[in-house]
Amino acid sequence: EAKRRGRGIIRLFDEAMDESIRFRRKIEGGLAQAIANDELRLVYQPIVERGDLEIVAFEALLRWDSPDYGTIPTGLFIPIAEESSLIHELGDWVLTQALEMLQRWPGQYVSVNFSPRQFRRQNFVAHVVERVQHAGIAPTRLQIEITETAIFDDAERAADTLYRLRQMGFRIALDDFGTGYSSLYNIRRFSLDCLKIDKSFIDGIGRERESAAIVQSIIHLARALGLEVVAEGVETPAQVQALRIAGCSHLQGYHLSRPLEAEDAAEMAQQRYMRPEVIKLAVPRVV
Ligand code: C2E
Ligand code: MG
Ligand code: MG
Ligand code: MG
């Protein structure tokens, strides 16, 4: 009896697996044609300085409008692309587009996400340099966002890649900081400009002591290492207030602005500062 039940569970599991493999293949197949069929676009979310609300940068975020499924969540298709080599073609498209957009902004930089696989590719540095030169853009106007996973697997090599990129003037940000396995001790080995505090910690501000404490220590760490620090996923006036008090240098999130279509981003870039009334500061609150 136990044996039979066991087999049933295994079959169920197999079918679920099969479904997911089929789903993956569909996504992969669709993605392979997405560039040629013009189904991709970038949206841009402002990153602002906490004090004067200067818009210093826009993060480029990929969107895929599939004719079969509609707009597919980016967090769903990027990992699938990452597992096949499609990520290289997509990444190249993203970088080219983002660099083109820069020509329309007065001085901001663009922050582009690179997956671990892109970052670890042979000749990554040469590739990025070639793109930037081709677009006639100064390296200082491109920020490369990578996650802890991209650098901690082969720390030695990653440290070298980051060093070379930074020597050439590119900015480097460590994305989703606090969610990976980076040891604080190792952080200093990497050439970085910025830590981006993961949204999960920002969500907890004002709700749980632990999150506030973690946010505060990341900010202290960043300061001690001479790095900028961006709070990701800021959604409420209370969070803005708390982050300002905590000394977080930059803010990003729906409360400041949702990611914008290219036209709207270009318009906001011209404006240079976010209007203070968007912040709607709440009564001071101790976190
Ligand atoms: P990420 O780089 O950490 O980007 C932040 C994500 O949080 C984005 O989701 C953004 O739209 C969302 N977000 C920003 N502010 C808020 C907020 O206040 N509240 C909430 N709930 N969400 C907010 P998105 O665009 O769906 O991207 C998801 C992830 O996909 C990104 O996380 C990044 O890891 C990856 N990704 C996006 N575009 C690219 C790309 O061009 N290349 C690569 N390799 N990865 C990308
Ligand atoms: Mg300023
Ligand atoms: Mg990012
Ligand atoms: Mg992030």
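Relevant structure appears above.
Everything numeric in this text was worked out from a predicted model, so none of it was measured. (Residues numbered from 1 in each chain as written. Chains lettered and ligands numbered in written order. Predicted model: local features only at pLDDT ≥ 70, side-chain atom pairs only at ≥ 80, totals over all residues. Heavy atoms only, no water.)

A. Representation of the layout of surface pockets. In this structure, the largest pocket occupies an estimated 930 Å³ of space. E59, L61, T74, N113 and D175 are, among the 34 residues lining the largest pocket, the residues nearest its centre. Listed by contribution, the elements that provide at least two residues to the lining of the largest pocket are β1 (40–49), β2 (55–66), α2 (74–83), α3 (86–102), α4 (116–119), β5 (142–147) and β6 (171–177). When grouped by side-chain class, the residues that make up the lining of the largest pocket number 14 nonpolar, eleven polar and nine charged. One number sums up the size of the second largest pocket: a volume of about 170 Å³. Along the wall of the second largest pocket there are 15 residues; nearest its centre are F119, R121, R157, T161 and R164. Residue assignment for the lining of the second largest pocket shows that the elements contributing at least two residues are α5 (124–135) and α7 (155–167). Here the lining of the second largest pocket takes five residues from α7, the largest share from any one element. The residue makeup of the lining of the second largest pocket, split by class, is six nonpolar, three polar and six charged. (1 Å grid on protein atoms, 1.4 Å probe; cavity = no way out; pocket = protein on both sides within 12 Å on 5 of 7 lines; lining within 4 Å. Points joined across faces, edges and corners; volume = space filled by probe spheres on them. Helix = DSSP H or I, 4+ residues; strand = E, 2+ residues; numbered from the N terminus. Nonpolar A, V, L, I, M, F, W, Y, C, P; charged D, E, K, R; others polar.)

B. Geometry of the state of the cysteines. Enumeration according to the criterion identifies zero disulfides in this entry. Distance from the sulfur of C194, which forms no disulfide, to the nearest cysteine sulfur (C248) is 9.0 Å. On the basis of relative accessibility, which here comes to 0%, the residue C248 falls in the buried class. (Disulfide = S-S within 2.5 Å. Buried < 20%, exposed > 50% of the residue type's maximum accessible area, 1.4 Å probe, protein only.)

C. Structural view of helix α12 (residues 262–271). For α12, the full list of buried residues reads A265, A266, M268 and A269. Along α12, the residues classed as buried sweep out an arc of 165° about the axis, all on the same side. Pointing more than 90 degrees away from the buried face of α12 are the exposed residues E263 and E267. Buried residues along α12 sit against β1, β2 and α3. Following α12 by one or two positions, R272 adopts a phi angle in the positive range, close to 70°. (Arc of directions from axis to C-beta. Contact = heavy atoms within 4.5 Å.)

D. Seen up close, the side chain of T161. Its place among the elements puts T161 in helix α7. Judged by its relative accessible area of 8%, T161 falls in the buried class. Excluding anything up to four places from it in sequence, T161 contacts F119, F124 and V125.

E. Summary view of the coordination of the magnesium ion (ligand 3). Ligation of the magnesium ion (ligand 3) by protein atoms is provided by E59 (OE), N113 (OD1), E145 (OE) and D175 (OD), these donors lying 2.0 to 2.3 Å from the ion. Spacing between the donor residues of the magnesium ion (ligand 3) along the chain follows E-x53-N-x31-E-x29-D. Here E59 falls in the buried class, since its relative accessible area comes to 4%. Look at N113 and you get partly exposed, because its relative accessible area is 28%. (Donors = N, O, S within 2.8 Å, 3.2 Å for Na, K, Ca; no water.)

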